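Descriptive analysis of the structure
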Amino acid sequence: MGTREIRYIENCTLLKIDSQLNKTKLRRRLLKTRQSMTVQEWREKSDRISDQLQNSPLFNQATTILAYFSFRQEPDLSPLFTDSQRRWGFPRCVGKSLSWHLWQPDDVLQVGEYGITEPHPEAPTIDPTEVDLIIVPSVACDRQGYRLGYGGGYYDRLLSSPAWSKIPTMGVIFDFAYFSQLPFDNWDKPLQAIVSETHLFTCN
Ligand SMILES: Nc1nc2c(c(=O)[nH]1)N(C=O)[C@@H](CNc1ccc(C(=O)N[C@@H](CCC(=O)O)C(=O)O)cc1)CN2
Ligand SMILES: Nc1ncnc2c1ncn2[C@@H]1O[C@H](COP(=O)(O)OP(=O)(O)OP(=O)(O)O)[C@@H](O)[C@H]1O
């Protein structure tokens, strides 16, 4: 291999490390901002996000929706989960993957890995062919639909697998976490839409 190729590979490696460092720094800053919201501000903004969702065609056309239980002051969409016209699925962390289970109000919940609320492992599982929409919890999103998560790669892996990759995805954030451009890596898969308390963005 010539010097030029070696330099190219070194530069790619450096760019990759740099993007990871930037992601880590940005993640830390945004999580701090999110957790500095008062509970009242969090409740009000979360409810406005639920209203925005209910105005979106992707949401209105969906019967089976994958969502999440709010953790670390993520937008709390739980008022929507009582809508009995829809089927709601929630994730359990199983090793490096997510397993998806149906959940209805009054079904038992438990605390899983990372302290996140999860459905019971024996709750009925959901197959990707049944899913109309994946609501993706995000630390930040950008105009192109790129997303910053907690760094576990769970949604990156899910959305890169053929069975799941065709399902429409919608990122959920508060306005302060919307950017024109986030650092991204070659494994990141852009989202189709993003919802915040004031906007419903369709990504290119
Ligand atoms: N509400 C909710 N549920 C979710 C997700 C989410 O983003 N939100 N996930 C979306 O993926 C999965 C959980 N992913 C997570 C990944 C990492 C950490 C975490 O605490 N990481 C440590 C660093 C760990 C390390 O360095 O290895 C940290 O941030 O301190 C938490 C959740 C599944 N369930
Ligand atoms: N398709 C994939 N297959 C295998 N590993 C992957 C894949 N996508 C991402 N990863 C791994 O996951 C790790 C986390 O990636 P990244 O920092 O982009 O996470 P994130 O998007 O913030 O997290 P999450 O998806 O859990 O919310 C990376 O170390 C990466 O190597």
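Attention here is on the structure that accompanies the text. (Residues numbered from 1 in each chain as written. Chains lettered and ligands numbered in written order. Predicted model: local features only at pLDDT ≥ 70, side-chain atom pairs only at ≥ 80, totals over all residues. Heavy atoms only, no water.)

Topic: the sheet that holds strand β2 (residues 87-94)
- Pairing is mixed in the open sheet, where seven strands are placed in the order β3-β2-β1-β6-β9-β11-β12. Looking at which strands have only one partner, the edges of the open sheet turn out to be β3 (97-102) and β12 (200-202). Along the sheet, successive strands turn relative to each other by an average axial angle of 25 degrees, direction set aside.
- Looking at chain direction, strand β11 (residues 193-195) and β12 are connected through three bridges and run antiparallel. Bridging from a neighbouring strand, Ala193 pairs with Thr202 of β12.
- Contacts from helix α2 (residues 39-54) reach β6 (133-137), β9 (169-172), β11 and β12 within the one sheet, and its direction differs from that of β11 by about 140 degrees. (Pairing = 2+ DSSP bridges. Helix = DSSP H or I, 4+ residues; strand = E, 2+ residues; numbered from the N terminus. Axes fitted to C-alpha atoms, helices over the stretch in contact; angles between N-to-C directions. Contact = heavy atoms within 4.5 Å.)

A closer look at the pairing of β3
- Pairing between β2 and β3: six bridges, direction antiparallel. Opposite Phe90, over in β3, you have His101 as the bridge partner.
- Between β2 and β3, which follow one another and run antiparallel, lie two residues, and Gly95 among them has a positive phi close to 60 degrees.

Details of the pairing of β2
- Judged by how many residues are buried, β2 sits mostly within the fold: six of eight residues are covered.
- Note that strand β1 (residues 64-66) and β2 share three bridges and pair parallel. By the bridge assignment for β2, Leu66 is matched with Gly89. (Buried < 20%, exposed > 50% of the residue type's maximum accessible area, 1.4 Å probe, protein only.)

Concerning the site of ligand 1
- Every one of the 14 residues lining ligand 1 counts as a neighbour, but Phe69, Arg72, Glu74, Tyr150 and Tyr155 are closest to it.
- Between a nitrogen atom of ligand 1 and a main-chain N or O atom of Phe69, the distance comes to 2.8 Å.
- Taking Arg72, its side chain carries an N or O atom lying 2.9 Å from an oxygen atom of ligand 1.
- In isolation ligand 1 has 680 Å² of accessible area, and contact with the protein removes 69% of it.
- Given that more than half its atoms are within 2 Å of the pocket grid, ligand 1 belongs to the largest pocket.
- For the shell around ligand 1, the secondary-structure elements that each account for two or more residues are β2 and α4 (154-160).
- Of the residues belonging to the shell around ligand 1, the class tally is 12 nonpolar, no polar and two charged. (Near = heavy atom within 4 Å. Polar contact = N/O pair within 3.5 Å; in protein donor to acceptor, adjacent residues only side chain to side chain. Areas by Shrake-Rupley, 256 points an atom, 1.4 Å probe, with all protein chains shown as cover. 1 Å grid on protein atoms, 1.4 Å probe; cavity = no way out; pocket = protein on both sides within 12 Å on 5 of 7 lines; lining within 4 Å. Sits in = over half its atoms within 2 Å of the grid points. Nonpolar A, V, L, I, M, F, W, Y, C, P; charged D, E, K, R; others polar.)

Purely geometric stuff here, so don't read any function into it on its own.
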